[in-house]
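Structural characterization, general
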Amino acid sequence: MIEHELRAHRPMPGASPSDDGGYVLRWSGPALVGVVNVTPDSFSDGGLTLDPDRAVEQAHRLVDEGALIVDVGGESTRPGATPVGPGEESRRVLPVIERLADAGRAVISVDTRHPEVARDALAAGAHIVNDVTGLGDPAMRSACAESGAPAIVMHMQGRPATMQDDPRYGDVVAEVERFLLERAERAEAEGVPTVVLDPGWGFGKRDEHNLALLRALPRLAASGRPVLLGASRKGTIGRWADESDPARRDPGSVVVHLEAARLGAALLRVHDVAGHRQALAVRAALDAGAAAAAGTGDPRPHDRIVLEGLAFHGYHGVFPEEARFGARFVVDVEMRVDLPDADDLAETVDYAGVYDLVAREVTARRYRLIEALAAAIAARVLDHDARIVEATVRVHKPHAPLPGVVRDVVAEVVRRR
Ligand code: HH2
């Protein structure tokens with residue numbers, strides 16, 4: 001199970017004190033974020049918990065069912081939604097957040113795009129800010145930084161009123177990744193303790209964009225930040241399953257979220273916490289059973305395809321000279337895969353394709369750290385062929401700028417599907 005953490009400069013239920021004087025909330029594998037909509041018009045449950053008593057009751061029920069975080073929102077962001085002003089939004093969410101914070105049982109995130117609502121919610125006891133506009137507003141970043149709150153940065157193309165009219169991308173994965181990393185780096189530089197990345201399923205995305213972003217979760221997770229996916233009950237699931245009623249889309253949501261969990265998502269934002277908790281528990285039991293049946297506790301196949309000593313000129317490193325002159329980088333890739341006995345290229349992994357993707361990653365992009373380069377290559381290798389269950393990538397930098405004689409510097413990462 002992958003370990004995840006959220007750092008904050010103030011206490012949260014379940015968090016432990018950290019070395020830097022703050023607090024850290026840790027968990028293994030995927031955790032659930034339960035949705036509490038204090039709205040009359042949310043797309044799947046509008047009006048159900050507009051009354052604060054019912055919203056608090058619902059939030060506590062979600063915690064009892066296994067949610068790590070409850071996400072309280074006072075404005076619907078469904079396609080075509082009418083925007084709500086910060087005054088009305090605060091009137092909806094603050095009484096709920098105050099009462100949840102008093103009870104002290106829930107890690108509370110506030111789902112808002114308004115800095116004034118975020119500030120009031122943090123003062124009322126919320127712990128995390130979930131901003132569907134991706135912390136683009138400097139006032140939102142300072143609200144989080146000043147109160148030491150982690151933030152969820154989501155990607156959206158356009159605005160809710162019109163975002164689904166005609167969304168277009170050149171390369172949706174590259175564009176969303178660039179946006180999220182830039183926003184995260186800026187927020188961290190300004191003092192936000194942890195930034196969670198969310199590709200924004202359904203926010204200015206066609207079905208094929210959502211699918212491409214789901215498959216790219218390992219690439220987003222390679223930055224080392226927790227990744228959140230929120231596909232629950234959304235339109236793409238309705239179209240794939242031919243189900244027009246959002247409240248009846250939980251089974252399809254579970255399937256998408258199990259896939260997201262397999263691909264490394266740390267947080268799943270869902271309406272049906274009990275159903276997702278059950279599905280994740282059963283998935284974990286099946287994985288453990290497969291490992292035990294293999295007799296080793298290790299469900300990986302033992303066949304490997306190895307590409308060694310792939311050498312390229314690249315421009316990676318933290319120093320400006322490295323960006324200017326570049327240096328030689330050498331890459332090894334080991335792929336664990338079930339190899340057939342048949343002598344047929346179609347039956348196995350095409351390693352020429354792996355060579356091409358390594359060449360592209362080393363020569364066409366620039367990373368400051370060789371471990372980040374190795375992680376990005378590993379994510380692409382797993383993406384290349386679904387039969388590759390594990391990729392070990394070593395990036396060698398024999399000419400690393402060090403003051404003495406060094407034969408080699410190597411970063412190795414191991415990534416599993
Ligand atoms: N989706 C919704 C709202 N907030 N926040 C993040 N980070 N990621 C999401 O995918 C996301 C989100 C939409 O779902 P819901 O809250 O159920 O509906 P509505 O916006 O209509 O209230």
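Structural data are supplied above this passage.
As the structure is a computational prediction, the values presented were derived from the model and not from experiment.

What to know about empty space enclosed by the protein
This structure, assessed with the given rule, holds one cavity of 30 Å³ or more. Approximately 40 Å³ is the volume attributed to the largest cavity. Contributing to the lining of the largest cavity are Glu75, Thr77, Glu89, Asp111, Thr112, Arg113 and Val132. Of the residues assigned to the lining of the largest cavity, the class counts are one nonpolar, two polar and four charged.

A look at unusual backbone geometry
Of note, Leu135 is a non-glycine position whose phi angle comes to about 60°, a positive value. Along the polypeptide, Leu135 turns up in the loop between strand E7 (128-131) and helix H4 (138-147). By relative accessible area, Leu135 is classed as buried at 0%. You will see that Asp242, though not glycine, has its phi angle at about 55°, which is positive.

Here's the deal with the site of the ligand
Near the ligand there are 18 residues, and of these Ser42, Ser76, Thr77, Asp198 and His271 occur at the shortest range. Here an oxygen atom of the ligand sits 2.5 Å away from a polar atom, N or O, in the side chain of Ser42. The side chain of Ser76 places a nitrogen or oxygen atom 2.7 Å from an oxygen atom of the ligand. Coverage of the ligand by the protein amounts to 99% of the 480 Å² it exposes when considered alone. Mapped by element, the contributors of at least two residues to the shell around the ligand are strand E4 (31-37) and strand E8 (151-154). When its residues are assigned to classes, the shell around the ligand shows six nonpolar, seven polar and five charged.

Analysis parameters
- Residues numbered from 1 in each chain as written.
- Predicted model: local features only at pLDDT ≥ 70, side-chain atom pairs only at ≥ 80, totals over all residues.
- Heavy atoms only, no water.
- 1 Å grid on protein atoms, 1.4 Å probe; cavity = no way out; pocket = protein on both sides within 12 Å on 5 of 7 lines; lining within 4 Å.
- Points joined across faces, edges and corners; volume = space filled by probe spheres on them.
- Nonpolar A, V, L, I, M, F, W, Y, C, P; charged D, E, K, R; others polar.
- Helix = DSSP H or I, 4+ residues; strand = E, 2+ residues; numbered from the N terminus.
- Buried < 20%, exposed > 50% of the residue type's maximum accessible area, 1.4 Å probe, protein only.
- Near = heavy atom within 4 Å.
- Polar contact = N/O pair within 3.5 Å; in protein donor to acceptor, adjacent residues only side chain to side chain.
- Areas by Shrake-Rupley, 256 points an atom, 1.4 Å probe, with all protein chains shown as cover.

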